[in-house]
Amino acid sequence: MHLSFKSLIAVVIFSCGTKPASEKAFSEAPPDESEFVAYNNPPAEDFNLEGSDMLAVLLADKCMLAMGGREAWDNTRYISWNFFGRRNHLWDKHTGEVRIEDPDNDITVLMNINNKAGKVFKNGEQISDSTEYFLEKGYGWWINDSYWLVMPFKLKDSGVTLKYLGEDSTNTGSPADLLKLTFDEVGLTPQNLYEVWLDTDSKLVTQWAYYPDNNASEPRFVMPWTDYKKHGKILLSGNRGEYSLDNIEVLTEVPNDIFNNHEIPISSIWN
């Protein structure tokens with residue numbers, strides 16, 4: 001389901017054509033600074049604002065508004081989901097506590113992603129000899145799996161540079177604005193590059209492409225980003241074409257001990 005939020009904002013019209021914003025800057029006036037203030041979506045510390053295209057940043061702000069808005073995102077606390085049938089996640093956005101379950105291997109990781117402290121259980125027993133290995137593995141799972149769910153909220157994250165590549169269309173023929181995301185010494189794979197299609201009307205991400213290296217000439221994959229549903233006060237999408245994110249939940253409370261007691265499965269909080 002695609003929602004239009006044009007009635008909520010003052011629309012600024014650009015004759016974008018297909019030229020990058022850096023080329024168009026000489027012939028078109030940049031967005032007025034007040035346009036950005038109205039969205040109440042300040043960039044994260046170390047977001048590369050200076051190196052980003054103003055139009056790309058403005059579109060990122062419109063995307064945030066379309067997803068529910070910055071205030072709704074900041075106030076969202078608990079998010080739960082299943083990643084491609086492989087792993088279950090529960091994330092406390094406010095504290096950094098996460099619970100990650102790998103049912104096929106009977107592994108449960110309980111940790112804080114801010115300091116990587118935690119404990120690991122395998123076959124119902126806490127392990128000690130390889131805890132550090134599994135905590136690192138759990139951290140990597142969370143970094144990857146959460147990005148597949150909440151990437152549109154992270155367009156102005158630390159280390160990100162946003163470029164506007166022009167008007168384009170998705171593989172289904174829907175008109176969109178195309179953005180490029182590159183990263184500067186952040187995350188586990190800073191060499192990655194993403195292209196993101198924002199629907200012309202709704203401003204929602206409707207497709208993305210992944211390049212394992214920012215020098216790669218062809219993407220490793222291009223996938224849809226569709227089937228948006230409202231969870232709490234934000235929109236989240238679970239459809240990635242051949243793959244899906246399921247059991248998506250946004251919650252205001254969870255069992256008190258779910259981040260410490262390995263015997264309380266995430267599935268117990270799913271509707």
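Just so it is clear, the model here is predicted, and its values are computed rather than measured.

Enquirer: Quick question: what am I supposed to make of the environment of Ala56 here?
Expert: Looking at the secondary structure, you find Ala56 in helix 3 (residues 54-66). Ala56 sits 105 residues away from Thr161 along the chain, and the two C-alpha atoms are 9.5 Å apart. With residues near it in sequence (within four places) discarded, Ala56 still touches Leu162, Lys163, Tyr164 and Leu179.

Enquirer: Hey, could you run me through the sheet that holds strand 8 (residues 175-183) in this one?
Expert: Pairing within the open sheet is antiparallel, and its 5 strands lie in the order 7-8-9-10-11. Among the strands making up the open sheet, the edge pair consists of strand 7 (160-169) and strand 11 (221-224). Here the average twist between neighbouring strands, direction ignored, is 20°. As paired strands, strand 7 and strand 8 are joined by 9 bridges and run antiparallel to one another. Following the sheet pairing, Val160 is matched in strand 8 by Phe183. Set on the sheet, helix 3 makes contact with strand 7, strand 8, strand 9 (193-199) and strand 10 (205-211); between it and strand 7 the angle comes to about 85°.

Enquirer: What am I meant to see in the packing of aromatic side chains here?
Expert: Aromatic rings considered in pairs are described by the distance between their centres and by the relative angle of their planes. Counted according to the given criterion, the structure contains 19 aromatic pairs. Arranged with centres 6.4 Å apart and planes meeting at 65°, the rings of Trp73 and Trp91 form a pair that is edge-to-face. Of this pair, Trp73 sits in helix 4 (residues 70-75) while Trp91 sits in strand 2 (residues 87-92), and the two are 18 residues apart along the sequence. Between Tyr78 and Phe259, the ring centres sit 6.4 Å apart and the planes meet at 25°, which makes this aromatic pair stacked. Here Tyr78 is found in strand 1 (residues 78-83), whereas its partner Phe259 is found in the segment after strand 14 (243-251), with 181 residues between them in sequence. You can call Tyr78 buried: its relative accessible area is 10%. A connected cluster of aromatic rings, assembled from ring pairs, spans Phe83, Phe84, Tyr147, Trp148, Phe183, Tyr194, Trp208, Tyr210, Phe221, Trp225 and Tyr243. When the ring centre of Tyr139 is taken as origin, the NZ or CZ atom of Lys116, which lies over that ring, is 4.3 Å away. The ring of Trp225 carries Arg240 above its face, with NZ or CZ at 3.6 Å from the centroid.

Enquirer: I tried to follow the nonpolar core on my own but got confused; where do I start?
Expert: Generally speaking, soluble globular proteins have nonpolar side chains that are buried together. Residues Trp81, Trp91, Leu181 and Trp208 are the most contacted members of the largest nonpolar core, which totals 60 residues. Looking at this core, the element that brings in the most residues is helix 5 (residues 131-150), giving 9 residues. Residues within four places of Trp208 in sequence aside, it is in contact with Tyr147, Trp148, Met151, Tyr194, Glu195, Val196, Trp197, Phe221, Val222, Met223 and Trp225. Of all hydrophobic cores here, the second largest spans 10 residues; its members include Val254, Phe259, Ile264 and Trp270.

Enquirer: Mind showing me how you'd approach the pattern of salt bridges here?
Expert: For side chains of opposite charge, pairing can occur when their charged atoms come near one another. Following the criterion strictly, the structure yields 9 salt bridges and no others. Of the charged contacts, one joins Lys163 and Asp53 as a salt bridge, the two residues approaching to 3.7 Å between their closest N and O atoms. Here Lys163, found in strand 7, pairs with Asp53, found in the loop between helix 2 (33-37) and helix 3; they are 110 residues apart in sequence, far enough to count as distant. You can call Asp53 buried: its relative accessible area is 8%.

Enquirer: Can you help me understand the pairing of strand 14 in this one?
Expert: Pairing between strand 1 and strand 14: 5 bridges, direction antiparallel. Bridging from a neighbouring strand, Phe83 pairs with Leu245 of strand 14. Two elements, strand 13 (residues 234-240) and strand 14, share 2 bridges in a ladder whose sense is antiparallel. When the sheet's bridge partners are listed, Arg240 is paired in strand 14 with Tyr243. Linking two consecutive strands that pair antiparallel, namely strand 13 and strand 14, is a turn of 2 residues; a positive phi of about 75° is found at Gly241 within it.

Enquirer: How should I be thinking about the side chain of Asn82 in this particular structure?
Expert: Here Asn82 shows up in strand 1. On the accessibility criterion, Asn82 (8% relative accessible area) is buried. A polar side-chain atom of Asn82 sits 2.7 Å from the main-chain amide nitrogen of Gly85. Ignoring any residue separated from it by four or fewer positions in sequence, one finds Asn82 in contact with Arg87, Asn88, Ser244, Leu245, Asp246, Asn247 and Trp270.

Calculation criteria
Residues numbered from 1 in each chain as written. Predicted model: local features only at pLDDT ≥ 70, side-chain atom pairs only at ≥ 80, totals over all residues. Heavy atoms only, no water. Helix = DSSP H or I, 4+ residues; strand = E, 2+ residues; numbered from the N terminus. Contact = heavy atoms within 4.5 Å. Pairing = 2+ DSSP bridges. Axes fitted to C-alpha atoms, helices over the stretch in contact; angles between N-to-C directions. Phe/Tyr/Trp six-rings, centres within 6.5 Å; stacked < 30°, edge-to-face > 60°. Buried < 20%, exposed > 50% of the residue type's maximum accessible area, 1.4 Å probe, protein only. Lys NZ or Arg CZ within 6 Å of the ring centre and 35° of its normal. Core = buried A, V, L, I, M, F, W, Y, C linked by side-chain atoms within 4.5 Å. Salt bridge = Lys/Arg side-chain N within 4 Å of Asp/Glu carboxyl O. Polar contact = N/O pair within 3.5 Å; in protein donor to acceptor, adjacent residues only side chain to side chain.

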